[in-house]
Structures are given as structure tokens and as C-alpha cells.
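Remarks on the overall topology
Below, each chain spelled out in residue letters.
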Amino acid sequence: MGKDVIIACDFASAEATFAFLDKFVDEKPFVKIGMELYYAEGPSIVREIKARGHKIFLDLKLHDIPNTVKKAMKVLSNLDVDMTNLHAAGTKAMMEAAIEGLTKEDGTRPLLIAVTQLTSTSEERMRDELLISAPIDQTVMHYAKNAADAGLDGVVCSPLEAGKVHDTCGKSFVTVTPGVRFADGDVGDQVRVMTPAQAKEIGSDYIVVGRPITAADDPVAAYRRCVAEFVG
Ligand code: C5P
């Protein structure tokens, strides 16, 4: 699995996104498009970024009944992204349906990655609001295993969990890890963070990096530093 740095393009408009991407002249970074940008600009933003030669992780976190997710994934498969995702909480039946919908007639499809428990969900809220009494790390690993059983390619997880996910689901099961910060950088609102070098060490396959690159004085230099530390 090719290790890569994915830039979280958390911008509110196509204009802001292209102003950012225009800074990259010599390289074409892998970019993540999330709900904000996708809902603001629609599928055209995906086509335009793709046409510029970038790989795309479409981070829409689908979660609905299997039939609806299958049909939605069929629509998304026409966008030809490289990676997309869903919530493992939708159950194995939903994940299997998603794969069916995403797979093209020639048998190819983008990488499909599961969100386990969001990092914004604490163990206390999981227990009191969702009535899930197992410890959060056990829940995360169980959801990862469900995703692997359903045939998904990997999970989004904290870089701190990447090693354990590989132990549980196999080395080739992909770990996509946000929460990355430079050793000398601002942590911002992220709580459990790792440097790109530490994420490499622990075995993350892809790191998702937003503000350390997008808010840097020199985003291209920050991106290159991430690549140098993570990919080597
Ligand atoms: O700016 P920053 O590097 O914190 O951005 C991280 C990106 O990864 C954001 O797009 C955020 O929504 C996403 N993400 C995260 N933690 C998760 C899942 C996704 O930070 N557990």
C-alpha cells in the first residue's frame, strides 16, 4: 500500500480551494474533500480537482439503510475518486451493500474506508447516550474487524491506534490517520496528536493533514516537510 500524505482541503468554496491548490506547481498532492466543500459546490468540485491531476479522498461518511447506501455509492463511483468512506456503525450488511454499489462493471472501485467511533465521541457519551458499555478501544477494534469482514480496505483511526488495527485486521488493512502535527507546531483543537515521523514509525498508511499545511505561511514547504517525514 503506497504511503502518502493527504491534505484535508477544509475550505468553504471552490475559489478558496483552487487558490490553495494553485500554490502547488511541482507536485499534485492527494486531497481530501469533506462534507462542507462537497455540499457547497456539488460533484463538480470533485471533477475539477480530479481534472487537475490530484488523487481524491471523498470524505462523506455515508450511514443509512443498505439499499440507500448501495445506490448512493453507485452514484459516487461515477466520480472516479481514489478513496471514500462510510460509518462502520451502519453494520456489515450496509458495508457489503456499499462495496456492491461502488464496484464498477470492470470490477474496479476506489478504496473504501470505515469510520469506527468518531474521536469526538468519548467513552462516557458512548456508554450514557449510545448504551455501548464496552471500552472505546475495544469498540474501535471490533468495528474495524467488522469492516475487514465486510471486505472494506481499512479504517480512519487515530495514529495511536494504527498499530493495533494492523495487529487485529492484518498488515494490508489500510489505516488513514488524522490528528497529525509537527513537533514544533500548534496542536489546535486536536487532543491526541502525532508527528508525521511518529505516524510513519507506528505504521500509518496515509496521514490526513489539514491546518498544519493549509494554515502554514508556506503551505508547499509544510507539505514537503510532511512528505519528507512520513514517506521519507
Ligand atoms: O486541520 P487538521 O489537521 O486537524 O484536520 C484534520 C482533518 O481530519 C479534518 O478534515 C478533520 O475533519 C478530519 N478528521 C479528524 N479526526 C477524525 C476524523 C477526521 O481530525 N477522527
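Here's what I pulled together on the structure shown here. (Residues numbered from 1 in each chain as written. Predicted model: local features only at pLDDT ≥ 70, side-chain atom pairs only at ≥ 80, totals over all residues. Heavy atoms only, no water.)

**Comments concerning the overall build of the protein chain**
Of the regular secondary structure elements, the protein chain holds 11 helices and eight strands. For the C-alpha atoms alone, the extent of the protein chain along its principal axes is close to 45 × 40 × 30 Å. Split into buried and exposed, the 232 residues of the protein chain put 49% on the buried side. As displayed, the protein chain offers around 11100 Å² of accessible surface, 50% of which is attributable to carbon and sulfur atoms. (Helix = DSSP H or I, 4+ residues; strand = E, 2+ residues; numbered from the N terminus. Buried < 20%, exposed > 50% of the residue type's maximum accessible area, 1.4 Å probe, protein only. Areas by Shrake-Rupley, 256 points an atom, 1.4 Å probe, with all protein chains shown as cover.)

**Points about the sheet that holds strand β8 (residues 206–209)**
Read once around its circumference, the closed barrel built from eight strands follows the order β1-β2-β3-β4-β5-β6-β7-β8, with strand pairing classed as parallel. Here the strands of the sheet are splayed against their neighbours by 25° on average, with no regard to which way each runs. Looking at chain direction, strand β5 (residues 111–115) and strand β6 (residues 154–156) are connected through three bridges and run parallel. Paired with Val115 across the strands is Val156, a residue of β6. The strands touched by helix α3 (residues 43–51) within the sheet are β2 (30–34) and β3 (56–62), with β3 carrying the most contacts at an inclination of about 160°. (Pairing = 2+ DSSP bridges. Axes fitted to C-alpha atoms, helices over the stretch in contact; angles between N-to-C directions. Contact = heavy atoms within 4.5 Å.)

**Describing the packing of helix α4 (residues 66–77) against helix α5 (residues 91–102)**
One can describe the packing of α4 onto α5 by two numbers: an axis separation of 7 Å at closest approach and a directional angle of 30°. The pairing of α4 with α5 is recorded here as roughly parallel in orientation. Judged by the twist between their axes, the crossing of α4 over α5 is right-handed. Here Pro66, Val69, Lys70, Met73, Lys74 and Ser77 of α4 lie close against α5, whose contacting residues are Ala93, Met94, Ala97, Ala98, Glu100, Gly101 and Leu102. Classifying every residue of the contact of α4 with α5 gives eight nonpolar, two polar and three charged. (Parallel < 35°, antiparallel > 145°, perpendicular 65-115°, else oblique. Left-handed = near helix turned anticlockwise from the far one by under 90°. Nonpolar A, V, L, I, M, F, W, Y, C, P; charged D, E, K, R; others polar.)

**Points about the site of the ligand**
Residues in contact with the ligand, as listed here, are Ala8, Asp10, Lys32, Thr119, Pro178, Arg181, Gln190, Val208, Val209, Gly210, Arg211 and Pro212. Within the contact set of the ligand, an oxygen atom lies 2.8 Å away from a side-chain nitrogen or oxygen of Asp10. Within the side chain of Lys32, a nitrogen or oxygen atom sits 2.9 Å from an oxygen atom of the ligand. Considered on its own, the ligand offers 460 Å² of accessible surface; in the complex 81% of this is hidden by protein. If you map the ligand onto the pockets, it falls in the largest pocket. Only β8 and α10 (211–214) provide two or more residues apiece to the shell around the ligand. Looking at side-chain class alone, the shell around the ligand contains five nonpolar, three polar and four charged residues. (Near = heavy atom within 4 Å. Polar contact = N/O pair within 3.5 Å; in protein donor to acceptor, adjacent residues only side chain to side chain. 1 Å grid on protein atoms, 1.4 Å probe; cavity = no way out; pocket = protein on both sides within 12 Å on 5 of 7 lines; lining within 4 Å. Sits in = over half its atoms within 2 Å of the grid points.)

**What about the pairing of β3?**
Most of β3 sits out of view: six of its seven residues are buried. As defined by bridge partners, β2 adjoins β3 across four bridges and the pair is classed as parallel. Along β3, the bridge assignment pairs Ile33 with Leu58. Of the strand pairs in this sheet, β3 and strand β4 (residues 83–87) are connected by three bridges, and their pairing is parallel. Residue pairing for β4: Phe57 is matched across the bridge by Met83. A crossover connection joins β3 to the parallel β4 through α4; in handedness this β-α-β unit is right-handed. (Right-handed = clockwise from strand over helix to strand, strands pointing away.)

Worth remembering: the numbers are spatial, not functional.
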